[in-house]
Structure formats: structure tokens, C-alpha cells
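# Fold and contact review
So you can see what is in the structure, the chains are spelled out below.
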Amino acid sequence: MAACACNLSKDRDGRKCVASPLCKQQGVLIKAYYGYRFRRNFDMLKKFWKESVAVIKEKDPAFKSAIEVLLYPSFWAVVNHRIAHSLYKKGLLVPARFVSQLSRFLTGIEIHPGATIGKRFFIDHGAGIVIGETAEIGDNVMLYHGVTLGGTGKQKNKRHPTVEDNVMIGAGTIVLGPVTIGANTKIGAGSVVTQDLPPNVTAVGSPVMIVRKDGVRIPPVAPEQLTGHIKRRAI
């Protein structure tokens, strides 16, 4: 009799395998392993779905039903980015770029597979979003359409913004360079940010000026006056 080729149930001639108990034990272990992987992936997918529905319901007043989530470009952009980023981390750069570019074509949202994005990330409307390779985005961040998290220069190291937790960035805003947007900060639509913003502020304008700090309105002030950092240049 030919040796068991699959180590599961049959030999290569299609007859019932009469191999050793070790073969059957291997089959049980393999089935258990893939069963575990399937359950784990299913649980992760279910958790992601519930999280996506919850964050869209919270942040979009136009939300009507859970099934609508499947029609949100931002939902698919995030799903595709998770896939592309996983490939990117494994060194599969071309497949990662393929997934990201396909997602860009389908959703109008361009996220480089190297970008790091936290939980509960939401893009309202989505059209025209660009997020660069070394961008880092924290948890519970919301972007409106037309936002660019772009780089400056041609260096290979960190060249895109870091956006901390609970940040909201308004439509058409451009954030350039390796700047840090502090936690709980809001940036008004159409702003241009080329320097660090501290936490817990509201900033607007081009160049950006801080108009609220810790929820209290203040006279417009340049960010470097609060951060103590030298103003960064966009180019």
C-alpha cells in the first residue's frame, strides 16, 4: 500500500488509511489548529464590525442602520488598510501597495500601507483623503474629506504627521511634516498645519492659530507660543 500522503484519512490511491495512530493524531491536531484560526479570525471580524458600526453611529448624524456601514467608503478603506498594513509588516511590499491602490480606486481614499492607524478611526465622506507612509494615527481619530497627512522632503525616515488620540481634523486641512497633533485637539476646516499642536486645543487658519485651550476661548495665538517649539517650515 502506498504511504499516506495527507496524514489525515486516505492514502494516495484513495483507500482508507491504515497508518499509525500518530498519523491520525496529526490529523486531529491539524483540524484543531485550523478550527482555532477560523474561530479567532471570525471573532476578530465580528469585533471589528461591531466597533465600526458603533463609531459611525456615534460620529455621523446621517447614520440610519447597521447595514448602511457597508456603503461607507471609509469602512472599506480601513478594512483594506488593515490587510495592506499586515502585508507591509511582513515585507510583502508589492502586494501591500496593490491592495492600497485598489482601495484608492474603489473608495477615493489613499492610505499608504506603511501608515499606522489605531482603533475607532473614522473618515466622514472620505473623498480626497491622503495619508502618507510614516503617518501615525492614534485611537478615536476622525478626519473629514480632503484631509492630507503629508510629508516634507525626500528623506526616508519619519516625515509624516503623528496624530494622537481623540483628534478631529476638519475638511480640506493640510498637515505637513513630522509634526505632532496633541490628544483631544480639533483643527478647523481649511487649515494648514506645519508645526506641533499641543493637546486640548482648537486651531484654525492658514497659518494655523490656536483659538481655544482646555475648552476656553483665548485670543488667537501661534502654536509655538504654547509648545515652546521652534516653528517648523513646510519646505
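As the structure is a computational prediction, the values presented were derived from the model and not from experiment. (Residues numbered from 1 in each chain as written. Predicted model: local features only at pLDDT ≥ 70, side-chain atom pairs only at ≥ 80, totals over all residues. Heavy atoms only, no water.)

## Things to note about the sheet that holds strand 2 (residues 116-117)
Taken together, 4 strands build an open sheet; the order of strands is 2-5-8-11 and the sheet is parallel. Two strands close off the open sheet at either side, each with one partner strand: strand 2 and strand 11 (180-181). The pairing of strand 5 (residues 136-137) with strand 8 (residues 162-163) spans 2 bridges and is parallel. When the sheet's bridge partners are listed, isoleucine 137 is paired in strand 8 with valine 163. (Pairing = 2+ DSSP bridges. Helix = DSSP H or I, 4+ residues; strand = E, 2+ residues; numbered from the N terminus.)

## Considering the side chain of histidine 160
Relative to the assigned elements, histidine 160 resides in the loop between strand 7 (148-150) and strand 8. Side-chain polar atoms of histidine 160 contact the side chain of threonine 134, separated by 2.7 Å. In this structure histidine 160 touches Gly132, Glu133, Thr134, Ala135, Leu149, Gly150, Gly151, Gly177 and Pro178, once residues within four positions along its chain are discounted. (Polar contact = N/O pair within 3.5 Å; in protein donor to acceptor, adjacent residues only side chain to side chain. Contact = heavy atoms within 4.5 Å.)

## Re unusual backbone geometry
The peptide bond linking serine 206 to proline 207 adopts the cis configuration, its omega dihedral lying at 0°. In this structure, proline 207 sits in the loop between strand 14 (201-204) and strand 15 (209-213). One non-glycine residue with positive phi stands out, namely histidine 125, at about 70°. Relative to the elements of secondary structure, histidine 125 occurs in the loop between strand 3 (122-124) and strand 4 (129-131). Positioned with a positive phi, asparagine 140 is a non-glycine residue whose angle comes to about 60°. Within the element layout of this structure, asparagine 140 appears in the loop between strand 5 and strand 6 (142-144).

## A closer look at the environment of threonine 180
Structurally, threonine 180 is set in strand 11. Separated by 17 residues in sequence, threonine 180 and leucine 197 place their C-alpha atoms 6.3 Å apart. When neighbours within four sequence positions are excluded, threonine 180 is seen to be in contact with Thr162, Glu164, Asp196 and Leu197.

## Some thoughts on the sheet that holds strand 4
The sheet built from 5 strands is open, its strands ordered 1-4-7-10-13 with parallel pairing. The open sheet terminates on both sides in strands that have one partner only, identified here as strand 1 (109-111) and strand 13 (192-193). Relative to strand 10 (residues 174-176), strand 7 is paired through 3 bridges, and the arrangement is parallel. When the sheet's bridge partners are listed, leucine 149 is paired in strand 10 with valine 175.

## Examining the packing of aromatic side chains
Applying the stated criterion across every chain yields a total of 3 aromatic pairs. Relative to phenylalanine 75, the ring of tryptophan 49 lies with its centre 5.8 Å away and its plane at 90°, an arrangement referred to as edge-to-face. With tryptophan 49 in helix 1 (residues 21-59) and phenylalanine 75 in helix 2 (residues 73-89), the pair connects residues that are 26 residues apart, well separated along the chain. Judged by its relative accessible area of 29%, tryptophan 49 is partly exposed. Ring centres of tyrosine 72 and phenylalanine 122 lie 6.4 Å apart, and the angle between their planes is 50°; on these two criteria the pair is classed as tilted. Taken together, the residues tyrosine 72 in the loop between helix 1 and helix 2 and phenylalanine 122 in strand 3 connect sequence positions 50 residues apart. Both residues of the pair, tyrosine 72 and phenylalanine 122, count as buried. Feature note: the residues Trp49, Phe75 and Trp76 constitute an aromatic cluster, connected by ring pairs. (Phe/Tyr/Trp six-rings, centres within 6.5 Å; stacked < 30°, edge-to-face > 60°. Buried < 20%, exposed > 50% of the residue type's maximum accessible area, 1.4 Å probe, protein only.)

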